[in-house]
Amino acid sequence: MYKALPYILFIASLLATQTANTQTISSLTNNFQFDAYTTDNGLTDNFISKVITDRRGFLWIATKNGLSRYDGYNFKNYTHIPGDTSSLRSIWITDLLLDSAGTLWISTEGGLCYYDALYDRFHYINGTDNMHVLYRAPLCQGSDAYTLWLAAEDGLFRIDTRTKTYTHMLKEHIPDPQCIVYDKNRLLTGTRTNGIYAFEAGSKQLQKLAIPTLPADAQTIDLYKDDDGTIYAGTNVGLLSIRDTSYRLFNKGTPELQHLDFDDIMCISSFPRLTGPGRLICGTYDNKVLVFDKQQQQFIYSWQNRNSKLSNMPRGIFSCLFLMDHILWIGTDHGLFKLNMNMQDIVSENIPQIMFGDNIVLVKKIYQDPHNKQHLWLTLDKPVGGIAVYNTTQRRVTQWLQTLPKGESPEACVVYQDLQPDKQGYLWAIAEKEIHQYQLTSFQRTAHTPPRTCYSASVDHQQNLWIGTDRGLMYYNTHTRQFTPYDYSFNGTSIENSSLWLSFPVQDILHDQQHTVWLTCIKYGLFSFNTQSCTYTPHRQPFTSCYDTRNRCSSLSFDQQGNIWVGTMAGLTQYLPQRDSFINFNRTHGLQSTYVYSVKADTNQCIWGRGNTGVFYYDMQQHKFTNYLLPASQSSAFFLQRISAVSDKMLAGYEGGYNIFALNNRNPVKETPPDPYIARCYVMNAPFYYNSDSILLQPPSFDYHQTLFRFDFSAVNFNDNNNITFLYKLQGLDKDWQRSSGPSNASYSNLKPGQYLFLVKTRNSNGIESGVAGFLFAIQTPFWQTGWFYTLIGLAIVGVFYVFYRTRINRLTALYQLRSKISKDLHDDIGAALSSISIMSAVAQKKIDSQPEEAKHVATRIESTSRNMVGAISDMVWSINPDIDTLEQIIVRLREYMSNMFDDTRTQYLLHCTPQLLARKISMELRKDIYLISKEIINNTVKYADAEHFSLHFSMEKNCLVIASEDDGVGFNQEHARKGNGLYNITERARKQKGKAVITTDDSGTRWLIKMDIGR
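The structure displayed is predicted, hence computed values, not measured ones.

1. Some thoughts on the UniProt feature "transmembrane region" (unreviewed entry) in the protein chain
Piece 1. Cross-referencing UniProt, the feature "transmembrane region" (unreviewed entry) maps to residues 787-805 in the present numbering.
Piece 2. Along residues 787-805 one finds 100% helix and 0% strand; the C-alpha atoms at either end are 26 Å apart.

Here you go:
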């Protein structure tokens, strides 16, 4: 985009102010585009006290209601939160300073603090009992890189930026300090009503400077140290220069400015890019910008914005100036204003004469008088209407044509829809109900009354008019003054037919200077009219729905190849008559406007347009769009603004004036786009603080459950944000770069374990890309997804199968052993019994005749042996029966056995079991051993005890089954009894079940206590 024109005009005016010059500098209002920032844009407050930038390029803005940080896209605001020592010290910010290490220091009403960029917080320096601040606590750099100075009501403080500590160097009262600067081993401090004080660092003495030209109660609001070492003080009586002990006060201007005051200077800066070398810019309390020439030693320029309606222009108290390369920032009590010398793509010409209080009149269309090129004919909208002839040299309206007389109703004014010149020195002004013919030199007007409602016109090669009406075309013979309507009725879709009450409204027309008139209809699209056959031909874009916004056409223009460019409700369209084909352009091609209301081709192969988002042009050679985003104050009634070609410029009106776009040198410098930065990282919706300088060298690692991430990204860019695109992706997840038209955020959820790298970069409209900002991180793998865990699980599975295998083998072995034991027992017991029965049967057979009594005794033994064998077999079958698996079933069998054994004796018996044990499951081996142990005890009691009472108890002690028996018989000799198998079998069976059997016997009876482990 062209950058030279706006400030060349301004600098030329400044350089022209030599002694011989008799003209003042041209108005800044008419030469520059400012950007305004207020609380409506996100600023924390509109009263700006200081502006500064840090090493990352952020703009820090001190206000009376907190601190704002701006990156060119968004504001981030900081405030004081009571009880939170990481917040600002106070909302009343008095000064800002960046030290040599890049740390931002903030003086506030509550004292001093500094900003911790790593954790996005503030650290306090002083306590609440010192650094008393009334209105301001100014800061300045000391004699070395690690020293800062601060002035407060209770004296001067020296701050060590390395240790973040301070020393109270001077404890004398300094009345309301406003500014401070270090100059040759002394500190100069300006006050609000007590002049300037000097503190000698060596002697540590404070004295008030005696300056003859400066009143004792002078206000000194700013101190500026120039490159040559001169100190300039902004005071309420002028600009004071201080060089050692030499003082000079400047409050005079050039002869042309003698009527102005040059006092109440609030801020001072140098901006050679704007003013040229050797000059200072001063801002004042009463909304003036002053330019001081150091060589001439006088003020050479003064500007003041007196129109509160120009919201984008600096106004109010000018509290600070800050220079950032090619940008001048102006802080006021009405917000922050930016003058970007690289972005002066538009020259705004404000016309105070068309600003009537609250009514600022819209300039619709502009025509330049070819014979008197300083005259611009401006068509005005309501409530004034008519034409204002504006003299660009005198910068004032010199003629008012058909404008509303004072006191008349706005509805009575004539509003022109179009202006069309002919080659005979006339300008045709088209109103809806009238057509006026103006003589360009004499401004004489001739009225013509058409039979149709008129909207647009075009002059043919015979200097006759073709007029767009509400019903089609109309021909006006300027020689015979005859109107010939060519009404047209087109049948579109039902939606199209009912969209407007007008039958065929012609929005714009162009005559090709042969036999064709091209016209746009807002209802139906592009049409052509053959002037010989008087027939219409539609050139509509195909569609399948009820209507297509590409056929809602507004304006048209020819390019140098004879193609037709059309503004539509879907963007911009190129129509190629030779091919009868369309090429459409919209947002995907770089056009930001959706609706295009006016188009105009220039002489440099570019198509200019006014759309709903601003002005644009399309370079047909580079196939590229450039968009101009206009201030909100210039964007009302944009659908009525028309692009007009004036000499080598394009003009577009707005309420109160017009903008100038130069046709030459439009191509923007191919600068590298701004580097992006990752503003904040959120992990599981909580902020994650990190050092951006080391994040790629020491990437953080997060737990496996931390799978939700969000990255906020932006860029520091104070130039054209509209032509910057952000590209981002997450390596490890995204395959392609994602696009964003501005600062945004990227969220990722359910991230799998692994290593990731979030990347973001920017790209400008020329395709040039910036560097990449990155955030490298890893998500830990949960232990159950690690290799060692898989190995452990594999081993566990193998172990389980092994245990299952061993259990199976053990069970089979146990079953085999059980079967072997049963077989052995059957073989031993039954075999022995059968052998004994066989022998005794043979003996009884031999003695039955000779010794019948003996044979009878043998038969009895055979019977007893058989009965015992049957009982043993019964016990064995019972013990291995799988259906008998509870202790209750053992108790039942023992009760039956005791009944059989004790019923024919004198012994009274008792069998008792704890109820909780009755349902207890018992293994086959344990069941067998319990039963045989109990049976052995019962047998011994019946055979040997001769007891009157016998009891057998089953109970539980911890995990052990307790069997306790007691009788009151005769007892027995244990040594003699050990020779038998009974006692041995009892103790051995108890031991086998991990238990113990204890017997006690005496004359009072026998007692058994047996404990066996039966598990839980």
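2. Brief notes about helix α6 (residues 887-902)
Piece 1. Helix length check: α6 (16 residues) gives 22 Å between terminal C-alpha atoms against 22 Å at 1.5 Å per residue, within 8%.
Piece 2. The set of residues buried in α6 consists of Leu887, Ile890, Ile891, Arg893, Leu894, Tyr897, Met898 and Phe902. When α6 is viewed along its axis, its buried side chains cluster within an angular range of 165° and face the same direction.

3. A short note on a nonpolar patch on the surface
Piece 1. Side chains of Tyr704, Phe783, Trp784, Trp788 and Leu792 sit close together on the surface and give an oily, nonpolar patch of about 550 Å² of accessible area.
Piece 2. Along the chain, Trp784 turns up in the loop between β67 (773-779) and α4 (787-850).
Piece 3. The class for Trp784 is partly exposed, based on a relative accessible area of 35%.

4. With respect to the pattern of salt bridges
Piece 1. For the structure on display, the rule yields 27 salt bridges.
Piece 2. Linking Asp183 and Arg186 is a salt bridge whose minimum nitrogen-to-oxygen distance equals 3.6 Å.
Piece 3. With a relative accessible area of 3%, Asp183 lands in the buried category.
Piece 4. For the salt bridge of Asp226 with Lys294, the shortest nitrogen-to-oxygen distance reads 2.5 Å. Note that Asp226 is positioned in the loop between β18 (220-225) and β19 (231-235) and Lys294 in the loop between β24 (288-293) and β25 (298-304), a separation of 68 residues in sequence.
Piece 5. Residue class for Lys294 comes out partly exposed when judged on its relative accessible area of 24%.
Piece 6. One continuous salt-bridge network, built from bridges that share partners, spans Glu925, Asp929, Arg989 and Lys992.

5. As for the sheet that holds strand β21 (residues 246-250)
Piece 1. The sheet built from four strands is open, its strands ordered β18-β19-β20-β21 with antiparallel pairing. Looking along the sheet, the strands with just one partner apiece sit at the ends: β18 and β21. Across the sheet, the mean angle from the axis of one strand to that of its neighbour is 20°, orientation sign disregarded.
Piece 2. With five bridges joining them, β18 and β19 adopt antiparallel strand pairing. What sits directly across from Thr220, in β19, is Thr235.

Calculation rules
- Residues numbered from 1 in each chain as written.
- Predicted model: local features only at pLDDT ≥ 70, side-chain atom pairs only at ≥ 80, totals over all residues.
- Heavy atoms only, no water.
- UniProt positions renumbered as here; feature names shortened; annotations may be inferred.
- Helix = DSSP H or I, 4+ residues; strand = E, 2+ residues; numbered from the N terminus.
- Expected span 1.5 Å × (residues − 1).
- Buried < 20%, exposed > 50% of the residue type's maximum accessible area, 1.4 Å probe, protein only.
- Arc of directions from axis to C-beta.
- Patch = residues over 30% accessible without salt bridge, like charges linked within 9 Å, V, L, I, M, F, W, Y side chains within 5 Å.
- Areas by Shrake-Rupley, 256 points an atom, 1.4 Å probe, with all protein chains shown as cover.
- Salt bridge = Lys/Arg side-chain N within 4 Å of Asp/Glu carboxyl O.
- Pairing = 2+ DSSP bridges.
- Axes fitted to C-alpha atoms, helices over the stretch in contact; angles between N-to-C directions.

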